[in-house]
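Remarks on the overall topology
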Amino acid sequence: DPANITIFGESSGGTCVAAHLTNPKSYGLFHRAVLESPGLYQQKKLSEAEINYGYTLSALAGERSPGCDFKSPKTFKCYYGTYMYSKQPKHVIKTASRQEAKKACSEFSWCVAFYIEADIGQTSLYNTSTSLYDGKLYGSDYAMTHTVCTAEGATDILKQLECLRRAKASLLVNVTDGVPFDDNFNTDGFAPVIDGVDSTDSIRQAIIKGEFAPGVPVLVGTNLDEGTEFMELCPDIECSATVTDFEKWTDQMYGNSSSRLVAMIYEALPLERPLPMCEASGGAIIPANQSYWYNTAMRSATDYGLTCPVRRLMRRLAETSHHVFGYFFTRTPVMSANFASTSTMGAFHGAEVPFVFGDRFEITGEDEQLLASRMGCYWKNFAATGNPTINSGHCGLAELPTWPRYKFGSQVDPKHVEILLRLDVGPQLETIQ
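Overview of the structure. Worth saying up front: this structure is predicted, and the values here are computed from it rather than measured. (Residues numbered from 1 in each chain as written. Predicted model: local features only at pLDDT ≥ 70, side-chain atom pairs only at ≥ 80, totals over all residues. Heavy atoms only, no water.)

Now for the packing of aromatic side chains. This structure, assessed with the given rule, holds 17 aromatic pairs. Seen from their ring centres, W249 and Y254 are 5.7 Å apart, and the 85° between their planes marks the pair as edge-to-face. On the numbers, 5.3 Å between centres and 75° between planes, the contact of Y254 with Y304 is edge-to-face. With Y254 in helix 8 (residues 243-254) and Y304 in helix 10 (residues 292-319), this residue pair connects regions lying 50 residues apart in the sequence. Residue classification places Y304 among the partly exposed residues on the basis of a relative accessible area of 35%. (Phe/Tyr/Trp six-rings, centres within 6.5 Å; stacked < 30°, edge-to-face > 60°. Helix = DSSP H or I, 4+ residues; strand = E, 2+ residues; numbered from the N terminus. Buried < 20%, exposed > 50% of the residue type's maximum accessible area, 1.4 Å probe, protein only.)

Below you can see the structure in the form of structure tokens.
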């Protein structure tokens, strides 16, 4: 039915839904939107995207991918605040001078990249340009002292396209695993680009302005422990971190002198679960009495990257007269096909997906089966009617707990901030303090 289209995505898929929801070119092409744990800041500036694209062409040429050539004569593009890892250099020289390093690399036909470590006065020369890491993330010291320079790929657009089209998928994945503007908790190395043509403004700015597809009902929410999958994209912190470790982590993550405020926000919350498992501890699961500060960091990262931006989206949608149905998924699944132990992951990023689709190979026990049946009905009803509680005739449950429209602030009684549905064994209406 072209007059009853629902667009629906999780994680980066939710970001794509948000991009359509806030892009006037997409208005009228869909009638309802579902966003599960969307990355609402998951976009790239055009300048950053162009640099990542140029590096990809260079890296493919460095791997001798068919149809990929270097610019002739050889020139170099430098990426400050990056470093090479997991690759052995073919030659090392004692200099931190970029000019001397370029001259040395140019003299060797095999040299396609060099890595300057200014802090030790050394430059390594490579015959491949892959395995670059973005050291600029969260104020790393590498941002000041380390630089990778690679021979530039072809500049002719037809040659660039040929290079990309002929590249093996496995190689393309490998060379884009690390790019100059790489993944962090908010964005991906490759993400929707604000190019001034198809996308003229960020999703974030559109939300602030309240610019959404008119009259489109929205079902949207997040999970309790989104951060368990993404802590590797944050500053390092041990699973058995002390308060001193936590203070250092928050200063790197959020800025100097933020640790006391962050600690105050979370001190009244239960933070004994999930039980983190860290490689630094030999893969051991850290007990609750040693993981408090790690979990405080993880929950704050969850809220910073996902929970708070999504709640702001809910509010702006409600303020602009959209029908919003918000949820908060807090169930730790009994098992997952993706993780050996869900006790270390909690209600992780993507944990709700099997419940929405009723994936029986992951859902166990009567409680989870009931939750999955209800969630599947909510999603089907919403897609058909724009309201998750209205029976659409597409699911087997005759009755569902009422899912009220999202409310906040003055729309709710003075004791509460928001009303949305908590999805756990139940499910039950949750008032968020």
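Right, let's talk about helix 3 (residues 98-107) for a bit. Within helix 3 the residues assigned to the buried category are A101, A104 and C105. For helix 3, the arc enclosing every buried residue in end-on projection is 95°, short of the 170-degree limit, so these residues lie on one face. Exposed side chains of helix 3 directed beyond 90 degrees from the buried face belong to Q99, K103 and E107. Taken together, the buried residues of helix 3 touch strand 4 (76-80), strand 6 (91-93), strand 7 (113-117) and strand 8 (122-126). (Arc of directions from axis to C-beta. Contact = heavy atoms within 4.5 Å.)

Before going further, it helps to spend a moment on the packing of helix 9 (residues 259-266) against helix 10. Running from amino to carboxyl end, helix 9 crosses helix 10 at an angle of 95°, the nearest separation of the two axes being 10 Å. For the element pair helix 9 / helix 10, the angle class is roughly perpendicular. On the side of helix 9, the interface is formed by V262, A263 and Y266, while helix 10 contributes Y292, W293, T296, R299, S300 and D303. Of the residues assigned to the contact of helix 9 with helix 10, the class counts are 5 nonpolar, 2 polar and 2 charged. (Axes fitted to C-alpha atoms, helices over the stretch in contact; angles between N-to-C directions. Parallel < 35°, antiparallel > 145°, perpendicular 65-115°, else oblique. Nonpolar A, V, L, I, M, F, W, Y, C, P; charged D, E, K, R; others polar.)

This part covers the pairing of strand 13 (residues 324-329). Counting buried residues in strand 13 gives 6 out of 6 residues, a clear majority hidden from the surface. The side-chain alternation of strand 13 yields two buried faces, one formed by V324, G326 and F328 and the other by F325, Y327 and F329. The sheet contact formed by strand 12 (residues 218-223) and strand 13 spans 6 bridges and is parallel. When the sheet's bridge partners are listed, V218 is paired in strand 13 with V324. Across 3 bridges, strand 13 lies against strand 15 (residues 418-423) in parallel orientation. Across the sheet, the residue bridging to Y327 is L421, located in strand 15. (Pairing = 2+ DSSP bridges.)

This part is about the state of the cysteines. For the coordinates displayed, the defined rule picks out 4 disulfides. Through a disulfide, C68 is tied to C163; the S-S separation comes to 2.0 Å. The S-S bond linking C68 to C163 shows a torsion near 95°; that makes this disulfide right-handed. A residue pair is termed long-range when its members are at least 10 positions apart, and C68 in the loop between helix 2 (46-62) and strand 4 and C163 in helix 5 (residues 157-166) qualify at 95 residues. Looking at C68, the relative accessible area reads 10%, which means it is buried. (Disulfide = S-S within 2.5 Å.)

Following both chains from N to C, one finds helix 8 and helix 10 inclined at 20°, their axes separated by 9 Å at the closest point. With respect to their mutual orientation, helix 8 and helix 10 come out roughly parallel. Where helix 8 crosses over helix 10, the two elements pack in a sense that is right-handed. Packed against helix 8, whose contacting residues are V243, F246, W249, M253 and Y254, the element helix 10 presents W293, T296, A297, S300, A301 and Y304 at the interface. (Left-handed = near helix turned anticlockwise from the far one by under 90°.)

This paragraph deals with the environment of A351. Take A351: it is sitting in the loop between strand 13 and helix 11 (353-357). Note on A351: relative accessible area 2%, which makes it buried. Taking the C-alpha atoms as reference, A351 lies 8.9 Å from E226; in sequence the two are 125 residues apart. Among residues more than four places away in sequence, those in contact with A351 are N223, F329 and P333.

Position of L164 among the secondary structure elements: in helix 5. L164 gets classed as partly exposed once you look at its relative accessible area, which sits at 25%. Linking L164 and S257, residues 93 residues apart in sequence, is a C-alpha distance of 46 Å. Among all residues touching L164, those that are not within four sequence positions of it are Y53, T56, L57, L60 and L172.

This part is about the pattern of salt bridges. Following the criterion strictly, the structure yields 8 salt bridges and no others. Linking E162 and R166 is a salt bridge whose minimum nitrogen-to-oxygen distance equals 3.1 Å. With E162 and R166 both in helix 5, this residue pair falls 4 residues apart, about one helical turn. R166 gets classed as partly exposed once you look at its relative accessible area, which sits at 45%. A salt bridge links E368 to R331; its shortest N-O distance comes to 3.4 Å. Here the residue E368 occupies a position in helix 12 (residues 365-385), and R331 occupies one in the loop between strand 13 and helix 11, the gap between them amounting to 37 residues. Residues E368 and R331 agree in their burial class; the two are buried. (Salt bridge = Lys/Arg side-chain N within 4 Å of Asp/Glu carboxyl O.)

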